[in-house]
Amino acid sequence: QNQLQTYERDKGDPVDQLQLLPISSKSTYAGREASEFTNVDELTRSHQDFTSGSTGRPFGYYFGWRSELRCFAFCERTFYAVGHGFRHNVISMRARHRIGFIFYRHVMFYLAASADIQYRLAELLATLRVRTHPVILYGYTSWIVELAKQVRKGVSMPSVFALVATGEGIGARDRQMIEDVFQAPFYTTYATRELGWLGFECEKKRMHVNEEWAYLEIVDAQGRRLPDGQEGRIVVTTFDNTVMPFIRYDIGDRGSIEVDACSCGRPLRTITFSGRQSDIIDLGDGHTLSLLDISPLFDAYWDAVHQYQIVQTAPLDFTLRIIPGPSFYDRREALQNRIRRSLHPNARLEWETVDRIEPAKSGKALYYIKAF
């Protein structure tokens, strides 16, 4: 109330005034009744859904009908940019439907996790072959990486126009591997289930923010806005979801707004990501490491490790849970030495071989778990 009164008294730049409001997150809504943070008059015309993310803890939210309509537009913008100005058919590899997809042009191919691809590969290839023109393949990053690994084994793959990933970060090595295998460009999008379509990658491979849909701030640990070019927490305010507004909502990502304009000619700001906060490995004594710094090591040993999960049980103690490949036991020591050098010289590593690694409830691969 005091913050709102201050705003009324000192009206000025809306962006500056926005900083008077506190930063919110999923924990802000935990344990509260929906009536405390929704427009109850619009609940009957809203879509109720949930997101679990990498934590596996469900978070319920409401999406208003105006937001749903706008989502179709931003979904179309994403694939229009990827299609270089043409509207191609899209095959969406999803665990469940996502708001924004037009059914008469987009085919849903349901999967529960990346591990399912090897078992349903024949069905996916058949779905691709019945298309008369190359399509755009869309899915979680880990799913497209897994599909590329299957194709690399010698599977005959119909041509695709482009591949579009969402939900997870990707390293340069994986990005190059995908484009080499499919002989098609690879793009990423920026979206969350509760906030919708926040950004898309253009033909120059820069991530543009859907600024008609959301305002993104980069803030420091105290919530103060940082100038363009500086890395910090990404905080989002959406405009159209009048049933359940997200205001200065911290989604756990880190990045920076780029200073220079994109050469593609679009006036929308662009953003660079440095990873999810949940994927930052804390080694103690102020030392941290991004998961994206470790993942290329496993990628380089793709014939030794089919799938992996890093479980950190103490600052310097790690269990490397893996589904082994044919050359694992021959190459384990070399891989272990490289991982230890990247993590910490005193890191203690234990291997655990398994037949299956469970994904998050959302279907995303869980590459890292902090277990202490």
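All figures in this text were calculated on a predicted structure; none of them were measured in a lab.

## Describing the overall build of the protein
For the protein, the helix and strand inventory stands at nine helices and 19 strands. Its C-alpha radius of gyration of 22 Å places the protein within 12% of the 21 Å reference for a compact globule of 372 residues. Structurally, the protein occupies a C-alpha span of about 70 × 55 × 45 Å along its principal axes. For the protein, with 372 residues in total, the buried portion stands at 52%. Of the contacts formed within the protein by residues at least 6 apart in sequence, a portion of 62% connects residues at least 24 apart. Surface summary for the protein: the accessible area is close to 17,800 Å², and the carbon and sulfur share equals 50%. Here the protein carries 45 positive and 45 negative side-chain charges, and the mean point of each set is 3 Å from the other.

## Remarks on the confidence of the model for the protein
Overall, the prediction assigns the protein a mean pLDDT of 86, with 91% of residues at 70 or greater. The secondary structure element of the protein with the lowest average pLDDT is helix H1 (residues 2–9), at 56, and the one with the highest is strand E9 (residues 207–209), at 97.

## Quick notes on the packing of aromatic side chains
A complete count under the given rule lists 18 aromatic pairs for this structure. For the pair Tyr138 and Trp197, a centre-to-centre distance of 6.1 Å together with 35 degrees between the ring planes defines the contact as tilted. With Tyr138 in strand E5 (residues 135–140) and Trp197 in strand E8 (residues 196–201), this residue pair connects regions lying 59 residues apart in the sequence. Overall, Trp197 belongs to the buried group, its relative accessible area being 1%. With 4.9 Å between their ring centres and 70 degrees between their planes, Phe328 and Tyr329 make a pair best called edge-to-face. By relative accessible area, Tyr329 is classed as exposed at 56%. Connected via pairs of aromatic rings, a cluster forms that spans Tyr29, Phe37, Phe246 and Tyr249. Just above the ring of Tyr187 sits the side chain of Lys205; from NZ or CZ to the centre is 5.1 Å.

## Comments concerning the sheet that holds strand E18 (residues 348–353)
Strand order in the open sheet formed by four strands is E18-E17-E16-E19, and the pairing between neighbours is mixed. The sheet is open, and its two borders are formed by E18 and strand E19 (368–370), each paired with just one other strand. Taken over all neighbouring pairs, the strand axes of this sheet differ in orientation by 20 degrees on average, direction set aside. The sheet contact formed by strand E16 (residues 305–314) and strand E17 (residues 317–324) spans eight bridges and is antiparallel. Across the sheet, Gln309 pairs through a bridge with Arg321, a residue of E17. Along the sheet face, helix H9 (residues 328–343) touches E16, E17 and E18 and points at about 145 degrees away from the line of E18.

## Concerning the layout of surface pockets
Considered as a void within the structure, the second largest pocket measures approximately 280 Å³ in volume. Every residue along the wall of the second largest pocket is listed here: Leu21, Pro22, Ser24, Thr28, Tyr29, Arg32, Glu36, Phe37, Pro245 and Ile247. Split by residue class, the lining of the second largest pocket holds six nonpolar, two polar and two charged.

## Comments concerning the environment of Gly60
Note on placement: Gly60 falls in strand E2 (residues 59–64). Taking relative accessible area as the criterion, Gly60 reaches 43% and is therefore assigned partly exposed. For the pair Gly60 and Ala30, spaced 30 residues apart in sequence, the C-alpha to C-alpha distance is 9.2 Å. Beyond its immediate stretch of four places on either side in the chain, Gly60 contacts Asp49, Phe50 and Met244.

## Section: the state of the cysteines
Scanning all chains against the criterion turns up zero disulfides. Cys202 takes part in no disulfide bond, and the closest cysteine sulfur, belonging to Cys262, lies 3.7 Å away. Not part of a disulfide, Cys262 finds its nearest cysteine sulfur in Cys264, a span of 3.5 Å.

## Focus: the pattern of salt bridges
Any two side chains of opposite charge can pair, on the condition that their charged atoms come close. What the rule picks out here adds up to 20 salt bridges. Of the charged contacts, one joins Asp260 and Arg206 as a salt bridge, the two residues approaching to 3.3 Å between their closest N and O atoms. Taken as a pair, Asp260 in the loop between strand E12 (249–257) and strand E13 (270–276) and Arg206 in the loop between E8 and E9 lie far apart in primary sequence, 54 residues in all. We classify Asp260 as partly exposed; its relative accessible area is 46%. We note a salt bridge from Arg248 to Glu217, for which the minimum N-O separation is 3.0 Å. You can see Arg248 sitting in the loop between strand E11 (232–238) and E12 and its partner Glu217 sitting in strand E10 (residues 214–219), a full 31 residues away along the chain. The buried category is assigned to Arg248, whose relative accessible area is 2%. Judged by relative accessible area, which is 1%, Glu217 ranks as buried. One network of salt bridges, in which partners are shared, links Arg206, Glu258 and Asp260.

Calculation notes
Residues numbered from 1 in each chain as written. Predicted model: local features only at pLDDT ≥ 70, side-chain atom pairs only at ≥ 80, totals over all residues. Heavy atoms only, no water. Helix = DSSP H or I, 4+ residues; strand = E, 2+ residues; numbered from the N terminus. Rg over C-alpha atoms; globule rule 2.2 N^0.38 Å. Buried < 20%, exposed > 50% of the residue type's maximum accessible area, 1.4 Å probe, protein only. Contact = heavy atoms within 4.5 Å. Areas by Shrake-Rupley, 256 points an atom, 1.4 Å probe, with all protein chains shown as cover. Lys, Arg positive; Asp, Glu negative; His and termini not counted. Charge placed at Lys NZ, Arg CZ, Asp CG, Glu CD. pLDDT = per-residue confidence, 0-100. Phe/Tyr/Trp six-rings, centres within 6.5 Å; stacked < 30°, edge-to-face > 60°. Lys NZ or Arg CZ within 6 Å of the ring centre and 35° of its normal. Pairing = 2+ DSSP bridges. Axes fitted to C-alpha atoms, helices over the stretch in contact; angles between N-to-C directions. 1 Å grid on protein atoms, 1.4 Å probe; cavity = no way out; pocket = protein on both sides within 12 Å on 5 of 7 lines; lining within 4 Å. Points joined across faces, edges and corners; volume = space filled by probe spheres on them. Nonpolar A, V, L, I, M, F, W, Y, C, P; charged D, E, K, R; others polar. Disulfide = S-S within 2.5 Å. Salt bridge = Lys/Arg side-chain N within 4 Å of Asp/Glu carboxyl O.

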